[in-house]
Amino acid sequence: MIKPARIFSEVIKHLFIKPATSGYPFEKAKIMPNFRGRIDFDSPKCIGCQMCVKVCPSKAIEIRLAAIQPPAPAQVEGQPVVAAKRKFDCFMHLDHCVYCAQCVETCPKDALIMTQDFELAHTSRAALTRHYK
Ligand code: SF4
Ligand code: SF4
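Engineer: Now, about the site of ligand 1: what can you tell me, with residues and values included?
Structural biologist: Neighbouring residues of ligand 1: 14 residues in total, closest C56, A60, C97, C100 and C103. A breakdown of the residues in the shell around ligand 1 according to their chemical character gives 12 nonpolar, two polar and no charged.

So, in structure tokens, the structure goes:
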């Protein structure tokens, strides 16, 4: 049986010891450089190849064709006509994502970026689907 005097001395001792746990959320969290957080999307780089969608183990990412920009008219006769450019949007389902970074490593155009953003909790499930344009 633990003696009350022993308990009291432990309590007094711990009043003056620095806490061993992190002070988050009252203090800023220390994030490691290789931390895997929310995925970001750089739309102009995306070519719509769907490689990221194929490798995602949790079906967390969708790439949809958003617009087709018509080709610019040739300025000088004889120059090749610039092809139509397709623009893609990304829908990221944060509630499905397991932050494995497979999509980031697979993207041939570096259009997906892993951020260190981890404060993603929300009371609305709809808010966990991010639409990147
Ligand atoms: S990090 Fe992993 S789970 Fe999340 S979207 Fe990319 S491939 Fe899918
Ligand atoms: S792998 Fe990259 S380029 Fe291909 S659809 Fe995904 S984000 Fe776009």
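Anyway, onward from the coordinates.
Engineer: Any details on the site of ligand 2? Residues and values, ideally.
Structural biologist: Every one of the 13 residues lining ligand 2 counts as a neighbour, but C46, C49, C52, C107 and A111 are closest to it. Of the residues assigned to the shell around ligand 2, the class counts are nine nonpolar, three polar and one charged.

Engineer: Explain the environment of A29 to me, and be specific about the residues and the numbers.
Structural biologist: Tracing the backbone shows A29 in the loop between α1 (4-14) and β1 (39-41). When residues no more than four places from it in sequence are discounted, the contact partners of A29 are S22 and Y24.

What counts, and at which threshold
- Residues numbered from 1 in each chain as written.
- Chains lettered and ligands numbered in written order.
- Predicted model: local features only at pLDDT ≥ 70, side-chain atom pairs only at ≥ 80, totals over all residues.
- Near = placed C-beta within 6 Å.
- Nonpolar A, V, L, I, M, F, W, Y, C, P; charged D, E, K, R; others polar.
- Helix = DSSP H or I, 4+ residues; strand = E, 2+ residues; numbered from the N terminus.
- Contact = placed C-beta atoms within 7 Å.

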